[in-house]
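Spelled out, the chains give:
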Amino acid sequence: MNGVLRATFVILIALSPLVLAAHACTFPVGYFFQVTALRGQVVGADSLARWFNTHLSARRHANLALYEYRWPDAWRDTDRSPVAVVETDENGKFDFGPLKVGHYSLRIDDVNWFDVEVNAQAPATDVVTIDVSPVDPACKGGHHFIVRTK
């Protein structure tokens, strides 16, 4: 019996980094990407492609919904009406058009969330690139919001 118990313990110890890494990534709450406009491209790779570091492709026909930011009450509540909704084109491009200054939560394909502040004082936004690739267990890759200024 001691041999079985020891073998079980060794296996659990060996697998524990994998279990811990699966829940190691957290994204900051209350960090806002500052933009003057919300237009650009959504890109991403699926899980398998991300592991092999392959090229990110445009996310065609991705659904983007912009909500007023609410924390902590109704933070990710999708029962409320979005401020605006757009769909990316064949090249993953989107444009929300004119938006009021304020804090928003951007939802992409019901999975990815980014907090955005439309701020007239921020450097003028040319485009944003949003990478919605899955984040790997080491917290690398995916979930990037890159702002390019004019």
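Owing to the predicted nature of the structure, the values given are computational and were not obtained by experimental measurement.

Definitions and limits used
Residues numbered from 1 in each chain as written. Predicted model: local features only at pLDDT ≥ 70, side-chain atom pairs only at ≥ 80, totals over all residues. Heavy atoms only, no water. Helix = DSSP H or I, 4+ residues; strand = E, 2+ residues; numbered from the N terminus. Contact = heavy atoms within 4.5 Å. Areas by Shrake-Rupley, 256 points an atom, 1.4 Å probe, with all protein chains shown as cover. Buried < 20%, exposed > 50% of the residue type's maximum accessible area, 1.4 Å probe, protein only. Salt bridge = Lys/Arg side-chain N within 4 Å of Asp/Glu carboxyl O. Polar contact = N/O pair within 3.5 Å; in protein donor to acceptor, adjacent residues only side chain to side chain. Pairing = 2+ DSSP bridges. Axes fitted to C-alpha atoms, helices over the stretch in contact; angles between N-to-C directions. pLDDT = per-residue confidence, 0-100.

### A word on the overall build of the protein
Summing up its helical and strand segments, the protein has 2 helices and 10 strands in all. In the protein, once contacts between residues fewer than 6 apart in sequence are set aside, the share between residues at least 24 apart is 64%. Carbon together with sulfur atoms contributes 57% to the accessible area of the protein, which is approximately 9,600 Å² in total.

### Focus on the environment of Phe114
Tracing the sequence through the fold places Phe114 in strand S8 (residues 112-118). The buried category is assigned to Phe114, whose relative accessible area is 2%. In sequence terms Phe114 and His144 are 30 residues apart; their C-alpha atoms lie 9.0 Å from each other. In contact with Phe114, not counting residues within four places along its chain, are Phe33, Tyr104, Ser105, Leu106, Ile108, Ile130, Asp131, Val132, His143, His144 and Phe145.

### Things to note about the pattern of salt bridges
Close approach of charged atoms allows side chains of opposite charge to pair. Scanning the entire structure with this criterion turns up 2 salt bridges. Between Arg60 and Glu90 there is a salt bridge; the shortest N-O distance is 3.8 Å. Of this pair, Arg60 sits in the loop between strand S3 (57-58) and strand S4 (63-68) while Glu90 sits in the loop between strand S5 (84-87) and strand S6 (93-95), and the two are 30 residues apart along the sequence. Between Asp110 and Arg107 there is a salt bridge; the shortest N-O distance is 3.1 Å. The class for Arg107 is buried, based on a relative accessible area of 15%.

### Let's talk about the side chain of Thr88
Summarising the element assignment, Thr88 is placed in the loop between S5 and S6. What makes Thr88 buried here is its relative accessible area of 1%. From its side chain, Thr88 meets the backbone oxygen of Arg59 in a polar contact 2.7 Å long. Separated by 2.9 Å, the side chain of Thr88 and the backbone nitrogen of His61 make a polar contact. The contact partners of Thr88, leaving out residues within four places of it in the chain, are Val42, Arg59, Arg60, His61, Ala62, Leu64, Lys93 and Phe94.

### Comments concerning the sheet that holds S8
Taken in spatial order, the 5 strands make up an open sheet running S1-S8-S7-S4-S5, and their pairing is mixed. Both edges of this open sheet fall to strand S1 (33-35) and S5, since each of them pairs with a single strand only. Strand-to-strand twist across the sheet, computed as the mean angle between neighbouring axes with direction ignored, equals 30 degrees. Examined bridge by bridge, S4 and S5 share 4 bridges and lie antiparallel to one another.

### Regarding the confidence of the model for the protein
On average, residues of the protein score 81 in pLDDT, and 73% of them are at 70 or above. Below a pLDDT of 50 lies the segment residues 14-23, which in the model reaches 1 contact outside its immediate sequence neighbourhood of four places, other chains included.

### Structural notes on unusual backbone geometry
Positioned with a positive phi, His61 is a non-glycine residue whose angle comes to about 55 degrees. Mapped onto the fold, His61 is located in the loop between S3 and S4. Given a relative accessible area of 41%, His61 falls into the partly exposed group. A positive phi is found at Asp109, a non-glycine position, where the angle reads about 50 degrees.

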